[in-house]
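Remarks on the overall topology
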Amino acid sequence: MSTSASTPETAAPRDEEGAGAPVHGAPPWLGRVKWLVLAGIVVLALAWPYLVSSFYVGMGTQALFYGLFALSINLLAGYGGMVTLGQAGLLGTAGYALAILTTSAGLPLGPAMVAALGVCAVVSAFFGLLAVRARGTYFVMITLAEGMIIWGIAVRWQSLTGGDNGITSVPRPAFALEYWQYYYFVLAVVAVCTLLIGLLVRSPFGLTLRGIREAEDRLPSLGYNVGLHKLVAFTVSGVFAGVAGLLLAMYNNFFGPSQVFFLASAEGLLMSILGGVGTMTGAFVGASVVVYVKQFVSSYVDRWMTLLGVVFVLVVVLAPDGLVGAWIRVVWSRVVRRVTGSGRASAPAVRNEGGKEAT
Amino acid sequence: MSNAIRLLAATVVAGALAAGAVACGAPNDSEGGGKSGPLKVGLIFPTSGNVAASGTDMLHGWQLYWKVNGDTVAGRKVESTHEDDAGDPTTALTKARKLVEQNGATTLAGPLLASSGYAVADYLKSNPNLVGLNPVASSDDLSQRKRVDNYIKTGGWNSSSPVHPAGEWAYQQGWRNVVTLCQDYAFGYESCGGFVNTFTDHGGKVVKQLYAPLGTSDYTSYLAQIPKDVDGVFVTTVGADSPRFLRAWKQLGFKGKVPLITNETTIEQSTLRGMHGDEALGLQSFGHYAEARESPATTRFVSEFKKAYGQIPSYYSCATYTAAQWFAEAVKQLDGDISDTDKFRATLQRIQLKDTCFGPMRLDDHGGAVANSYLRKVERRDGALVNVPEKTYPQLSQFWRYKPEDFLAQPVYTRKYQGADWPKSCASYASDCGLEGSR
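Our subject in this report is the structure included herewith. Every value quoted in this text rests on a predicted model; they were computed, and no experiment measured them. (Residues numbered from 1 in each chain as written. Chains lettered and ligands numbered in written order. Predicted model: local features only at pLDDT ≥ 70, side-chain atom pairs only at ≥ 80, totals over all residues. Heavy atoms only, no water.)

1. Observations regarding the side chain of H164(B)
Residues and elements named next belong to chain B. Along the chain, H164 turns up in helix α5 (residues 164-172). Side chain to side chain, H164 and Y413 meet in a polar contact 3.0 Å long. For H164, the residues in contact, after removing those within four places along its chain, are G194, T198, Q398, W400, F407 and Y413. (Helix = DSSP H or I, 4+ residues; strand = E, 2+ residues; numbered from the N terminus. Polar contact = N/O pair within 3.5 Å; in protein donor to acceptor, adjacent residues only side chain to side chain. Contact = heavy atoms within 4.5 Å.)

So, in structure tokens, the structure goes:
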């Protein structure tokens, strides 16, 4: 990965944290610290069910698949510059498809999962076709409308979706019935998906996507098919949201309209922004914070929604680059500066300073 | 792309480690409950969100029982932990897990909405070592086609049960052509279905069925669709929609001109508390709770509730109060040992309460409540609006007078199926067909 790929003066959200990026002039161990941190996270994630009670394992499971959901939004919003408010509709398409196929259609889980993802991909592509023509606020409004269409179907088409009552008895894979087994299953699926998204954003396709985010008008003149890139990004992102939807449906053994409602999309966007738009780990950090406040703090604080709102406002005001962005800017870059003798900060830090001036 | 390769390697290692961890076996699993110590009950009542007011009433009812009767039963202290599901099924599930796994609850009570109820029912189904008390989620199928054995309607009801007599009553009033206006979701369909089913049995005709979504702010457009020549209107509204409907009914001049009968939730204490005019005065409704019922159980409950919370209790409070009474009775009968879930469940199922704030109550073989339904009229007493029972339909089954097997062979009431063409003859009645031969 080369740091010259993006221009220093952009006010845009951060790219990936630069994990493993060579820090010029720094001792060789510094570059490895990140890998150590990453390894630490992996070990922690693996040991999680052995460290905490089943309730927290459940929260961890949710943080993982909501993290994947936030990451799918991030892929669109952070890398492609397409802020969506309808992503829960796509998550819900897969979730509902799985629920319907495994319960009333009586399909085995494996084929049902594949079919559900297929349905989700088709719907994503169709919604993408409608949405990618627009930009900015118009794109947001179209995705919002698309999400509401799915919600409308979920609530109104009673015979198919169970309406308000949703669909219960969605099965889990036979090897992942226990809460901790399911945690590892989710961990594995989310890890693979994260890896795939990681590869995607580092690929030429991902670079083009970032190019679209930075200067959509210039790319056609360079010979890029902007519309097609956006459509593919939209569809791929929808499918990853769909994977999160499958995991969610199987986790709760239930799927209902509130999971496809506009608020669910907004929550996903909130997770994404909270953690840091355009970062990979940010999605999971954001999801963890939201899940923690929503499910744990809510037991002790009646106005937990307000608390979440305050956290969100504080993050947006004090750290527009999100928690992960702030961490890199405030802590990591300082470490780097100290080690390298303050002269040459790491590339992300430079980029970020630019961002700060622009805002 | 060397980063990608490293990432890939890391994932493979992680995967291998995960597989190893799975092979190592389950992490330690702790489970609460036992033969001594406190009895832990987890409460899932929505105290925020759209139905927060009713959820708070539920909490108050539950707490009042233990305040009045003491929180120790058969030598064991009852320890309740409350969690707020905000009226959302997913949250209800999470909270159920939290209550069981964190707080060691072995009994769950709640929630309010049917959608949350189905989610909790499913959770209980896969956790047969738990027992759920369901005093409020009135979805018909929870004690009919989708019954879960360890989720029991203690102090509970069915959406259609109290209004089954309403259809018959309306026909007896001489109504022949009616319009129904119900809330556009499962509860509304079931409530309307109860009325339509029995009304049409006698030969009554439903001219039009209107459905208003939950959260309708203006009922004018719905009332405008009611034809001039109808004999009566049946209405089911819920929560904040109820006062809006009642205001529109009065303002548009329907009140006093067009006969109206409603279900329980349209004219409920939570509605009446906020009504300072006479919009509701004199209106009639059918319900399984009547706060002005003169019986020791009801009057004591109402006066204790007024003393504690300064208001007249709604049916939600009566329901959780009764559920607590039911629970306490079962614990008493088992001498404090509820560790055998099957025994505990069977005891709950068997209990007959001679008098509750609802009246006498027990469960039928399907787990549905057998309770009174009251024809109620709103009157002003001591400055407050209350539902006064005018007529009692004693000990109604969830199947009305139909044969349970015939009734269960029909689908649950939905927007499409309201039971208008069913049954075709008296053969599906278990007793006293009562049809007037106009079919």
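Once you've had a look at it, read on.
2. Section: the state of the cysteines
Under the definition given, this model contains two disulfides over all chains. Here C182(B) engages in a disulfide with C192(B); their sulfurs sit 2.2 Å apart. Since a negative S-S torsion denotes a left-handed disulfide, the C182(B)-C192(B) link at about 90° is right-handed. Remark: C192(B) occurs in helix α6 (residues 186-201) and C182(B) occurs in strand β7 (residues 177-183); sequence separation between them is 10 residues. Between the sulfur of C318(B) and that of C357(B) lies a disulfide, 2.2 Å long from S to S. Across the disulfide from C318(B) to C357(B), rotation about the S-S bond amounts to roughly 110°, and the bridge is consequently right-handed. Separated by 39 residues along the polypeptide, C318(B) in helix α11 (residues 315-333) and C357(B) in the loop between α12 (341-350) and β12 (362-363) bring together distant segments of the chain. A relative accessible area of 2% means that C357(B) is categorised as buried. C120(A) takes part in no disulfide bond, and the closest cysteine sulfur, belonging to C193(A), lies 12 Å away. The class for C120(A) is buried, based on a relative accessible area of 0%. (Disulfide = S-S within 2.5 Å. Buried < 20%, exposed > 50% of the residue type's maximum accessible area, 1.4 Å probe, protein only.)

3. With respect to the sheet that holds strand β3 (residues 76-83) of chain B
Residue and element names in this part refer to chain B. Taken in spatial order, the six strands of this open sheet run β2-β3-β1-β4-β5-β6, and their pairing is mixed. Each having just a single partner strand, β2 (72-73) and β6 (151-152) make up the two edges of the open sheet. Bridge count between β2 and β3: two bridges; the pairing is antiparallel. In the strand pairing of β3, T72 is matched with K77. Running at roughly 165° to strand β1 (residues 39-44), helix α3 (residues 89-101) makes contact with β1, β3 and β4 (107-109) of the sheet. (Pairing = 2+ DSSP bridges. Axes fitted to C-alpha atoms, helices over the stretch in contact; angles between N-to-C directions.)

4. Focus on the packing of helix α10 (residues 262-275) of chain A against helix α13 (residues 322-340) of chain A
Residues and elements named next belong to chain A. Running from N to C, α10 and α13 point in directions that differ by 5°, and their axes come no closer than 3 Å. Taken together, α10 and α13 sit at an angle that is classed as roughly parallel. Taking contact as the criterion, the partners of I273, L274 and G275 in α10 are, on α13, G322, L323, V324 and G325. Among the residues making up the contact of α10 with α13, the classes are represented as four nonpolar, three polar and no charged. (Parallel < 35°, antiparallel > 145°, perpendicular 65-115°, else oblique. Nonpolar A, V, L, I, M, F, W, Y, C, P; charged D, E, K, R; others polar.)

5. What to know about helix α12 (residues 304-318) of chain A
Residue and element names in this part refer to chain A. Here α12 spans 21 Å end to end across 15 residues, near enough to the 21 Å set by a 1.5 Å rise per residue. Restricting attention to buried positions, one finds in α12 the residues W304, L308 and V315. The arc enclosing the buried residues of α12, seen along the axis, measures out at 50°, which places them on a common side. Every exposed residue of α12 that faces more than 90 degrees away from the buried side is listed here: V317 and L318. (Expected span 1.5 Å × (residues − 1). Arc of directions from axis to C-beta.)

6. Notes on a nonpolar patch on the surface
Residue and element names in this part refer to chain A. Together, V310, V313, L314, V317 and L318 make up a nonpolar patch on the protein surface, roughly 480 Å² of accessible area in all. Positionally, V313 belongs in helix α12. Assessed through its relative accessible area of 48%, V313 is described here as partly exposed. (Patch = residues over 30% accessible without salt bridge, like charges linked within 9 Å, V, L, I, M, F, W, Y side chains within 5 Å. Areas by Shrake-Rupley, 256 points an atom, 1.4 Å probe, with all protein chains shown as cover. Salt bridge = Lys/Arg side-chain N within 4 Å of Asp/Glu carboxyl O.)

7. Thoughts on the packing of helix α2 (residues 54-79) of chain A against helix α11 (residues 280-295) of chain A
Residue and element names in this part refer to chain A. Contact geometry of α2 with α11 gives a least axis separation of 7 Å together with a crossing angle of 135°. One finds that α2 runs oblique with respect to α11. The hand of the α2/α11 crossing is right-handed. When α2 is examined against α11, the residues F55, M59, Q62, A63, L64, Y66, G67, L68, A70, L71, N74 and Y79 are found in contact with a partner set consisting of M280, A283, F284, A287, S288, V291, Y292 and Q295. In terms of residue class, the contact of α2 with α11 is built from 15 nonpolar, five polar and no charged. (Left-handed = near helix turned anticlockwise from the far one by under 90°.)

8. Some thoughts on unusual backbone geometry
The step from G110(B) to P111(B) runs through a cis peptide bond, and the omega angle for that step is -10°. Structurally, P111(B) is set in the loop between β4 and α4 (114-125). Of note, the bond from W422(B) into P423(B) is cis; its omega dihedral lies within 30 degrees of zero at -10°. For P423(B), the position within the fold is in the segment after α13 (404-409). Even without a glycine there, the phi angle at N253(A) is positive, about 55°. By secondary structure assignment, the location of N253(A) is in the loop between α9 (226-252) and β2 (254-255). Here the phi dihedral of Q395(B) falls at roughly 45°; this positive angle occurs in a residue that is not glycine. Among the structural elements, Q395(B) can be located in strand β14 (residues 384-396). Taking the relative accessible area as the measure of exposure, Q395(B) reaches 30% and is therefore partly exposed.

Geometric values such as these leave the question of function open.
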